[in-house]
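# Descriptive structure summary
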Amino acid sequence: MSSSGYRRSREGPVRHRTLWFWVFVGPFAAGLALFTYVPLLWSLYLSFFDAHNTVSPTKFVGLDNYTSMLSDGAFTSSLWTFAVFSLFIVPATYALSLALALMVNRLRFAQSFFRSVFFLPAACSYVVASLIWKLSVFNGVRFGLANTVLGWFGEDQTAWLSTTHPPWYWLVIVTLRLWLQAGFYMVLFLAGLQRIPPQLYEAAAVDGARPGWQVFRHITFPQLRATSVAVVLLLVINAFQAFDEFYNLLSDARGYPPYARPPLVYLYYTALGQGQNLGLGSAGAVILALIIAVVTIVQARWFGLGRRED
C-alpha cells in the first residue's frame, strides 16, 4: 500500500471517531451552552442596562446598577447574613461529616448499610426537607417535635422561626443544612480515609503511637489534607448559594422577614419581586459571582491547593 493510501485509511477511522464524539457530546454541549452560558452572558449584559420588567432593555446605564447595589444596605446586610451562616455551617458540617466518616470507616460489619443511611438525606429535596423542619420538627406550636420535647422538661413553647432575641431561627436553618449535606461530605472523607496506606498505621504502632487522638493527629488528619481543602471549598461555595432552606423556612403569606436574608433571597426579590429590576438583580448576581471566585481563589492559595508537595 502506498503512503498516500495508508494516510487515507488512517484518516478515515479518525474522522469516524470524531463524528461519533460530536454525536454523543454535541447535544449535552448545546444544552450546556443554551441553558448555562447564554443566560450568564445575558445576565452580564443586563447588568449594564436599565431593565425594569424587560429582558431586552435599550437604556444603557453603565456601572450605575453596580454602584446602587454596593450602596444598598439590604444587599450588604445579606452578605453579612451569609457570613454568619457560613460561620455556623462550615465548621459544623466539616466536624460532623469527618466524625461520621471515622466511625463508619472503623465498622467491621454493615459498613455499606450505615454509609447509605447517612448519605440518604443528600438525595432529599431541600424544599421537602424545609417543610418537614418547619411544620413537624420546629413548629412554633405545641405540636412540633422540638416544643414537645421542651414540654417534657417543663419549658415554655418557642416560636423558633420568628424569635429574633435570641435568634433561634439559626438553629433551625443550620440543623436542616447539617442533616441534608453531612452525609455527602462523609462519603468524600471516607474516600480519603480509604486511600491512606495501612503501612503508615503499622509503622506508627511499631513506634509506640497510641491509638486514638495521637494517631489521628499525626497520621490520619495530615493524610486528609487534600480532601479537607476540597470539602471546605465546597462548603463555602454552597453556603453562598443558600436559597431553598431560607426561603421555604422563613417566608409565609406575608412575605419574607427582614432578618436572615441571604444574597440569593435578596436578589430573587429584587429581580422577580414587585419591581422586577432585572438590571439591578443581574448586577448583584455578577457581584456575588465575583465574591465567590475571589473567596475560592484566596482559600485555594491559603491551603496551597495545587502546590507541589515535598
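Here is a short report on the structure shown in this document. (Residues numbered from 1 in each chain as written. Predicted model: local features only at pLDDT ≥ 70, side-chain atom pairs only at ≥ 80, totals over all residues. Heavy atoms only, no water.)

### Details of the packing of aromatic side chains
Applying the stated criterion across every chain, the model contains 28 aromatic pairs. Seen in terms of ring centroids, Tyr94 and Phe189 are 5.3 Å apart; in terms of plane orientation they differ by 85°. Their pairing is edge-to-face. With a gap of 95 residues between them, Tyr94 in helix α3 (residues 73-105) and Phe189 in helix α7 (residues 169-194) connect regions that are remote in the sequence. When sorted by exposure, Tyr94 lands in the same class as Phe189, which is buried. Plain terms: the ring middles of Trp170 and Phe246 are 6.1 Å apart, the flat faces sit at 80° to each other, and that makes the pair edge-to-face. Of this pair, Trp170 sits in helix α7 while Phe246 sits in helix α11 (residues 244-250); the two residues are 76 residues apart in sequence, bridging distant segments of the chain. (Phe/Tyr/Trp six-rings, centres within 6.5 Å; stacked < 30°, edge-to-face > 60°. Helix = DSSP H or I, 4+ residues; strand = E, 2+ residues; numbered from the N terminus. Buried < 20%, exposed > 50% of the residue type's maximum accessible area, 1.4 Å probe, protein only.)

### A few points about the nonpolar core
Within the largest apolar cluster, 58 residues are counted, with the highest numbers of intra-cluster contacts made by Phe85, Tyr169, Ile173, Phe246, Leu249 and Leu250. The set of elements that each furnish at least two residues to this core consists of α2 (64-70), α3, α5 (126-137), α7, α10 (225-240), α11, α12 (263-272) and α13 (278-303). Tallying contributions element by element places α7 first for this core, with 14 residues. (Core = buried A, V, L, I, M, F, W, Y, C linked by side-chain atoms within 4.5 Å.)

### Regarding the side chain of Ser86
Counting through the fold element by element, Ser86 comes out in helix α3. You can call Ser86 buried: its relative accessible area is 14%. Reaching out from Ser86, the side chain makes a polar contact with the backbone oxygen of Ala83 at a distance of 2.9 Å. Setting aside residues up to four positions removed in sequence, Ser86 forms contacts with Pro91 and Ala239. (Polar contact = N/O pair within 3.5 Å; in protein donor to acceptor, adjacent residues only side chain to side chain. Contact = heavy atoms within 4.5 Å.)

Shape descriptors only; they carry no functional weight alone.
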